[in-house]
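Each chain is listed here by its residues.
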Amino acid sequence: MEGKFLVARAGLHFWEEPPISGTKGSGTVFFGGCLLKCVYCQNYKISRKPYGMALTGEQLTDIICYLQDCGAHNINLVTPSHYIKLMPKLLENAKKRISIPILYNCGGYENLEGLKRLDGLVDIYLPDFKYGNNALGRKYSGISDYFDVACAALAEMRRQQPDCVFDSDGIMQRGMLVRHLVLPGMLVNSKKVLKCIADLDKSLYVSLMCQYFPPRKELPSPLNRRLTQAEYDNICYFFDSCGLSNGFTQELSSATEDYVPDFDLDLLKEVLDKSTSFSDKKE
Ligand code: SF4
């Protein structure tokens, strides 16, 4: 398994923010496993324990090229943080063969030295910013220093990609978009997170997500219910009041498991077979 990537799904994805999904879809690669153990994870099937096919860098590069050929606007690496040391080599090789942007789509808990080695290789950073203090990270994600690590990571991402650049169709080519999932009953936390983002840079693009639904029955209050419209409106109002101006919001109707991707490994096997024969034809 050393040097390999555990991959749970690869394919076009249409439910990201409009400048990411566009009309043709984002070429997503979902990695199995995760550094965090969020009790409310919507993708818990692939994040809580190792799940997926172990692929070599060459196989993954073939898949990335195949996704570009399928029309993807970008390559979207989802939860790649535990492979950050392997990323420079993978991305250097992939960038020789593709022309679309590479997105690093992560939970915000990133190794700073690893991130620095991605400078010039990642075109768009798409980090979550989950908690405004370490205590919540400890309680809900099993990590004692989430806030400190995420603050440093976001500052480094912004250093690498300080400005957002869009093409003539409004598709993001470069930059950074910070995501925050508003959780039920945790508005104080959301406000602290937004305040931190505003303090870092008021012009940052922020996606305020309300798609949370309880993924498991046994979750304690307040995670055993969906967000209310009043809670979400409250946070959207606060977003404006702290001077942030570039934002994306969601409809509350997105809080459903219908949007959780299908992690059937037979689908991945199909993509892998097609990508291998696609690469053979190109040679
Ligand atoms: S960081 Fe994201 S993928 Fe990882 S456990 Fe938390 S919610 Fe799930």
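Residues numbered from 1 in each chain as written. Predicted model: local features only at pLDDT ≥ 70, side-chain atom pairs only at ≥ 80, totals over all residues. Heavy atoms only, no water.

Trainee: Residue-level account of the site of the ligand, with values.
Mentor: Around the ligand sit Cys34, Leu36, Cys38, Cys41, Ser47, Thr79 and Lys130, and that is every residue in its neighbourhood. Residue composition of the shell around the ligand, by class: 4 nonpolar, 2 polar and 1 charged. (Near = heavy atom within 4 Å. Nonpolar A, V, L, I, M, F, W, Y, C, P; charged D, E, K, R; others polar.)

Trainee: I'd like to hear about the packing of helix 3 (residues 57-69) against helix 10 (residues 265-282), residue by residue, with values.
Mentor: Their axes nearest at 8 Å, the elements helix 3 and helix 10 cross at an angle of 85 degrees. The orientation of helix 3 relative to helix 10 falls into the category roughly perpendicular. Contact with helix 3, carried on its side by Gln59, Asp62, Ile63, Cys65, Tyr66 and Asp69, involves Leu268, Val271, Leu272, Lys274, Ser275, Phe278 and Ser279 of helix 10 and no other residues of that element. Its residues placed into classes, the contact of helix 3 with helix 10 shows 7 nonpolar, 3 polar and 3 charged. (Axes fitted to C-alpha atoms, helices over the stretch in contact; angles between N-to-C directions. Helix = DSSP H or I, 4+ residues; strand = E, 2+ residues; numbered from the N terminus. Parallel < 35°, antiparallel > 145°, perpendicular 65-115°, else oblique. Contact = heavy atoms within 4.5 Å.)

Trainee: Please provide a residue-by-residue account of the nonpolar core, values included.
Mentor: Of all hydrophobic cores here, the largest spans 81 residues; its most connected members are Met87 and Phe129. Aside from chain neighbours lying at most four places away, what touches Phe129 is Tyr146, Phe147, Ala150, Cys151, Leu154, Val178, Arg179, His180, Val193, Cys196 and Ile197. Listed in part, the 8 residues of the second largest apolar core include Met172, Leu177, Tyr205 and Phe248. (Core = buried A, V, L, I, M, F, W, Y, C linked by side-chain atoms within 4.5 Å. Buried < 20%, exposed > 50% of the residue type's maximum accessible area, 1.4 Å probe, protein only.)

Trainee: Which residues make up unusual backbone geometry, and what values do they have?
Mentor: With omega at 5 degrees, the peptide bond leading from Ser221 into Pro222 counts as cis. Within the secondary structure layout, Pro222 lies in the loop between strand 9 (205-209) and helix 9 (229-241). One non-glycine residue, Thr79, adopts positive backbone phi at about 55 degrees.

Trainee: Now, about a negative patch on the surface: what can you tell me, with residues and values included?
Mentor: A contiguous patch of negative charge on the surface is contributed by Asp262, Asp264, Asp266 and Glu270. Along the chain, Asp262 turns up in the loop between strand 10 (246-248) and helix 10. According to the relative accessible area criterion, Asp262 is partly exposed, its value standing at 43%. (Patch = residues over 30% accessible without salt bridge, like charges linked within 9 Å, V, L, I, M, F, W, Y side chains within 5 Å. Areas by Shrake-Rupley, 256 points an atom, 1.4 Å probe, with all protein chains shown as cover. Salt bridge = Lys/Arg side-chain N within 4 Å of Asp/Glu carboxyl O. Lys, Arg positive; Asp, Glu negative; His and termini not counted. Charge placed at Lys NZ, Arg CZ, Asp CG, Glu CD.)

Trainee: Could you give an account of the packing of helix 3 against helix 4 (residues 87-95), naming the residues involved and the relevant values?
Mentor: Running from amino to carboxyl end, helix 3 crosses helix 4 at an angle of 45 degrees, the nearest separation of the two axes being 10 Å. For the element pair helix 3 / helix 4, the angle class is oblique. With respect to the hand of their crossing, helix 3 and helix 4 are arranged in right-handed fashion. Of the residues in helix 4, those in contact with Gly57, Leu60, Thr61 and Ile64 of helix 3 are Leu90, Asn93 and Ala94. Taken together, the residues that form the contact of helix 3 with helix 4 break down as 4 nonpolar, 3 polar and no charged. (Left-handed = near helix turned anticlockwise from the far one by under 90°.)

Trainee: Explain the pattern of salt bridges to me, using residue names and the numbers behind them.
Mentor: As enumerated under the stated definition, the model contains 13 salt bridges in all. Of the charged contacts, one joins Arg179 and Glu17 as a salt bridge, the two residues approaching to 2.7 Å between their closest N and O atoms. Of this pair, Arg179 sits in strand 8 (residues 172-181) while Glu17 sits in the loop between strand 1 (5-13) and helix 1 (18-21), placing them 162 residues apart in sequence. Given a relative accessible area of 7%, Glu17 falls into the buried group. Of the charged contacts, one joins Lys116 and Glu113 as a salt bridge, the two residues approaching to 3.6 Å between their closest N and O atoms. Highlighted residues: Lys116 and Glu113, both in helix 5 (residues 112-116), separated by 3 residues, approximately one helical turn. Glu113 sits in the partly exposed class, given a relative accessible area of 44%. Residues joined in a network through salt bridges with shared partners are Glu16, Glu17 and Arg179.

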